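Overview (structure and organization)
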Amino acid sequence: MADDRIELFVGLIATIDTPGAADACRRLLSVDERIRADRFKFERHRRQYIYAHAMLRLALSQVAPNVAPTAWSFGAGRYGRPFVASPQTSTALHFSLSHADGCVACVVSGHEAVGVDVETVSRSVAPLSTADRFFAPEEVETLRKLPEPAAIERFFDYWTLKEAYLKAKGFGLNLPLDAFAMQISREAIEISFKPDIADDPDGWHFSLCSPSPSHRLAIADGSRAHGGLPINHNAWPLQEAAE
């Protein structure tokens with residue numbers, strides 16, 4: 001059951017973009033999603049949107065196999081976080097969706113406070129100047145102590161972890177990135193908050209992985225499950241879309 005784990009789905013565009021795949025995935029989308037896809041100026045952005053939203057539908061139907069991928073409909077919360085509007089399932093399903101250039105990812109869980117973020121790792125980024133503007137002081141200080149290659153890696157660790165946390169909370173960008181800080185060690189990934197933020201650091205578990213050498217992915221788990229929810233890594237469910 002999805003309420004006792006996190007289902008993670010990841011697709012690399014270079015791998016999944018086979019002949020006919022985008023058309024097969026587009027057929028799974030709602031009319032509104034197709035209209036939105038068609039508004040993208042660049043074809044690569046259009047295909048990325050199509051793959052991400054088709055993957056979400058396929059992922060939900062893998063967890064709830066009695067619901068067809070085309071049958072899901074979605075709404076949006078106060079800060080724009082999408083949620084399953086219908087149909088109702090025996091266990092309420094929650095999800096988080098993310099995509100970056102060349103990669104799409106989503107998580108599905110029975111727990112609402114779960115988020116995922118994937119980013120394209122750019123070696124041309126200036127980690128300190130960006131961190132100075134957005135990150136917590138202790139994160140900036142850590143970056144200053146690292147040589148450049150390691151600083152760039154740690155910058156994207158911070159960025160994806162922070163975005164995953166915001167998605168899990170459903171805040172969007174309504175909570176500043178410097179209102180909380182990530183601490184990364186060999187033993188654990190932890191979070192701390194400014195005194196005016198009403199959240200419990202002990203209620204969160206985080207994980208990091210690299211779907212490819214060009215991408216960094218983070219998952220935030222606020223389920224409060226002891227040790228965090230297990231994460232089940234799923235293959236890209238593209239074959240289902242073509243059937």
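In what follows, the accompanying structure is described. Worth saying up front: this structure is predicted, and the values here are computed from it rather than measured.

Here's the deal with the overall build of the chain
- Summing up its helical and strand segments, the chain has eight helices and eleven strands in all.
- Scaling as 2.2 N^0.38, a compact globule of 243 residues should have a C-alpha radius of gyration of about 18 Å, and the chain matches this with 18 Å.
- Taken along its principal axes, the extent of the C-alpha atoms in the chain is 50 × 40 × 30 Å.
- Long-range contacts, defined as pairs at least 24 residues apart, comprise 59% of the intrachain contacts of the chain with a sequence gap of at least 6.

Things to note about the packing of aromatic side chains
- Overall, the coordinates contain 14 aromatic pairs when judged by the stated rule.
- With a centroid separation of 5.2 Å and 85° between ring planes, the pair formed by Phe-155 and Phe-156 is classed as edge-to-face. Phe-156 shares its class with Phe-155; the two are buried.
- Here the aromatic rings of Tyr-165 and Trp-204 are separated by 4.9 Å at their centres, their planes lie at 70°, and the arrangement is edge-to-face. One end of the pair, Tyr-165, is in helix α7 (residues 148-169); the other, Trp-204, is in the loop between β8 (189-193) and β9 (205-212), with 39 residues separating them in the sequence. Assigned by exposure class, Tyr-165 and Trp-204 land together as buried.

Structural notes on the side chain of Glu-33
- Within the element layout of this structure, Glu-33 appears in helix α3 (residues 31-38).
- A distance of 3.0 Å separates a polar atom in the side chain of Glu-33 from a polar atom in the side chain of Arg-57.
- With sequence-adjacent residues up to four places away left out, Glu-33 is seen in contact with Tyr-49, His-53, Arg-57 and Phe-74.

Section: unusual backbone geometry
- Geometrically, the link from Ser-86 to Pro-87 is a cis peptide bond, its omega value of 0° lying close to zero.
- Residue position: Pro-87 is located in the loop between β3 (82-86) and β4 (94-100).
- Unusually for a residue other than glycine, Arg-224 sits at a positive phi of about 70°.
- Residue placement: Arg-224 occurs in the loop between β10 (215-221) and β11 (231-234).
- For Arg-224, a relative accessible area of 55% puts it in the exposed group.

Some points on helix α6 (residues 137-144)
- Within the span of α6, buried status applies to Glu-139, Val-140 and Leu-143. Buried positions in α6, seen along its axis, are confined to an arc of 100° and lie on one side of it.

Observations concerning the sheet that holds β11
- The sheet built from four strands is open, its strands ordered β4-β5-β1-β11 with mixed pairing. The sheet terminates laterally at β4 and β11, the two strands that pair on one side only. Averaged over all pairs of adjacent strands, the angle between strand axes in this sheet comes to 20°, irrespective of strand direction.
- The pairing of strand β1 (residues 6-12) with β11 spans four bridges and is classified as parallel. Its bridge partner lying in β11, Phe-9 is registered against Asn-234.
- Sheet strands touched by helix α4 (residues 43-63): β1, β4, β5 (103-109) and β11. Its angle to β5, the strand with the most contacts, is close to 25°.

Points about the sheet that holds strand β6 (residues 114-120)
- The sheet built from three strands is open, its strands ordered β6-β10-β9 with antiparallel pairing. Of all strands in the sheet, those bounded by a partner on one side alone are β6 and β9. Ignoring which end each strand starts from, the neighbouring axes of this sheet average 20° apart.
- Each of β6, β9 and β10 touches α7; the most contacted strand, β6, lies at about 145° to it.

The rules behind the values
Residues numbered from 1 in each chain as written. Predicted model: local features only at pLDDT ≥ 70, side-chain atom pairs only at ≥ 80, totals over all residues. Heavy atoms only, no water. Helix = DSSP H or I, 4+ residues; strand = E, 2+ residues; numbered from the N terminus. Rg over C-alpha atoms; globule rule 2.2 N^0.38 Å. Contact = heavy atoms within 4.5 Å. Phe/Tyr/Trp six-rings, centres within 6.5 Å; stacked < 30°, edge-to-face > 60°. Buried < 20%, exposed > 50% of the residue type's maximum accessible area, 1.4 Å probe, protein only. Polar contact = N/O pair within 3.5 Å; in protein donor to acceptor, adjacent residues only side chain to side chain. Arc of directions from axis to C-beta. Pairing = 2+ DSSP bridges. Axes fitted to C-alpha atoms, helices over the stretch in contact; angles between N-to-C directions.

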